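# Chains, contacts and geometry: an overview
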Amino acid sequence: MNTTPRRTLLPAGLRTPGRWAVLPAAVLAGAVLGGGYGALKTPQYAATSYVIVVPAEKSDPAAALGFAQAYGRVATDIAVTGDAQVWAGVTADTLRRNVQAATSPDAPMISITAKAEKPAKAVSMADGVARALVLNSSHVAGSTGVKVVQFSRATKPVAPVSPSAPLSALVGGCAGGLLGGLALLVRPRRAAARGEARHSRQAAAASGAVSSAAVPAPAAAAHQPEAV
């Protein structure tokens, strides 16, 4: 009776525990890269100005909501064609890239948010676009039946909206840990598949050798002299 314990094929990740060092190394690398990016990147400040679309005399009040949606879609175009870039002291491309307009589905109000590296610049950009909308609406109020008025001027931001260095390090560490974990999940499976295939071939070869040894060779027939 064979009492030799049966070998258990362990996963490659368990047979080589040094591979698990990839995970903390990936987390550390991601945290360092994320923290460095957050520390070196110039902080961005955001300022928001609000305008409201009001109907003119003898106009349908419901039309103000529709025109608010339309003005919100073309806010940056109107600002570029107007004097907003002069008032804000920036180029037209800067306005297009750093100014966003948002509308409300149930109120004729438009919020204009501008981002810049300096708080005062963000305020001037937001108010400049709002002023351009007000002037443009006054020029076409006779045909549209509505006009845009200033509802609230932008206030100077006191804190940046861009992620800080600790937050960037945390996000980078999470991303690094995720990538490291994926690498550990993929590589051991491939190595384990190769190990299992090799073990199967070795087991097949061993069983074939045992079978060959167990079959006795045919004995040579004894030569007997013929009777006279």
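To be clear, the structure that these remarks concern was listed above.
In this text, all values refer to a predicted model and were calculated from it rather than measured experimentally. (Residues numbered from 1 in each chain as written. Predicted model: local features only at pLDDT ≥ 70, side-chain atom pairs only at ≥ 80, totals over all residues. Heavy atoms only, no water.)

### Brief notes about the overall build of the protein
- Helices and strands together make up the secondary structure of the protein, namely 9 helices and 4 strands.
- For the protein, the sequential pattern of α-helices and β-strands runs α-α-β-α-α-α-α-β-β-α-α-β-α.
- Here the protein, with 228 residues, has 29% of them falling under the buried criterion.
- Entry remark: accessible area of the protein is about 15,100 Å², with carbon and sulfur atoms responsible for 62%. (Helix = DSSP H or I, 4+ residues; strand = E, 2+ residues; numbered from the N terminus. Buried < 20%, exposed > 50% of the residue type's maximum accessible area, 1.4 Å probe, protein only. Areas by Shrake-Rupley, 256 points an atom, 1.4 Å probe, with all protein chains shown as cover.)

### Focus on the side chain of Ser104
- Note that Ser104 resides in the loop between strand 2 (99–103) and strand 3 (109–116).
- At 2.6 Å, the side chain of Ser104 and the side chain of Asp106 are in polar contact. (Polar contact = N/O pair within 3.5 Å; in protein donor to acceptor, adjacent residues only side chain to side chain.)

### Some words on the side chain of Asn98
- Relative to the helices and strands, Asn98 resides in helix 6 (residues 92–98).
- Of note is the side chain of Asn98, whose polar atom sits 3.0 Å from the backbone oxygen of Thr94.
- Leaving out residues up to four positions away in the same chain, Asn98 has contacts with Thr113, Ala114, Lys115 and Met125. (Contact = heavy atoms within 4.5 Å.)

### Thoughts on the pairing of strand 2
- Pairing between strand 2 and strand 3: 5 bridges, direction antiparallel. Among the inter-strand pairings, Val99 is bridged to a residue of strand 3, identified as Ala114.
- Once strand 2 ends, the chain turns through 5 residues before running back antiparallel as strand 3. (Pairing = 2+ DSSP bridges.)

### Comments concerning helix 3 (residues 61–73)
- Taken together, the buried positions of helix 3 are occupied by Ala64, Ala68, Tyr71 and Gly72. Within helix 3, the buried residues cover an arc of 95° as seen down the axis, which keeps them to one side. Exposed residues pointing more than 90 degrees away from the buried face of helix 3 are listed as Ala62 and Arg73.
- The inward-facing, buried residues of helix 3 abut strand 1 (45–55), helix 4 (75–81), strand 2, strand 3, helix 7 (119–139) and strand 4 (146–152). (Arc of directions from axis to C-beta.)

### Quick word on the packing of aromatic side chains
- Summed over the entire model, instances satisfying the criterion amount to 0 aromatic pairs.
- The ring of Trp87 is capped by Arg131, whose NZ or CZ atom sits 4.0 Å from the centre of that ring. (Phe/Tyr/Trp six-rings, centres within 6.5 Å; stacked < 30°, edge-to-face > 60°. Lys NZ or Arg CZ within 6 Å of the ring centre and 35° of its normal.)

### Focus on a nonpolar patch on the surface
- Together, Leu178, Leu179, Leu182, Leu185 and Val186 line one region of the surface with nonpolar side chains, adding up to about 490 Å² of accessible area.
- Its place among the elements puts Leu178 in helix 9 (residues 165–214).
- According to the relative accessible area criterion, Leu178 is exposed, its value standing at 55%. (Patch = residues over 30% accessible without salt bridge, like charges linked within 9 Å, V, L, I, M, F, W, Y side chains within 5 Å. Salt bridge = Lys/Arg side-chain N within 4 Å of Asp/Glu carboxyl O.)

### Here's the deal with the sheet that holds strand 4
- If you trace the 4 strands from one edge of the open sheet to the other, you get 2-3-1-4, paired in antiparallel fashion. Both edges of this open sheet fall to strand 2 and strand 4, since each of them pairs with a single strand only. The mean angle between the axes of side-by-side strands here comes to 25°, regardless of whether they run parallel or antiparallel.
- On top of the sheet, helix 3 reaches strand 1, strand 2, strand 3 and strand 4; it is set at about 145° to strand 1, its chief contact. (Axes fitted to C-alpha atoms, helices over the stretch in contact; angles between N-to-C directions.)

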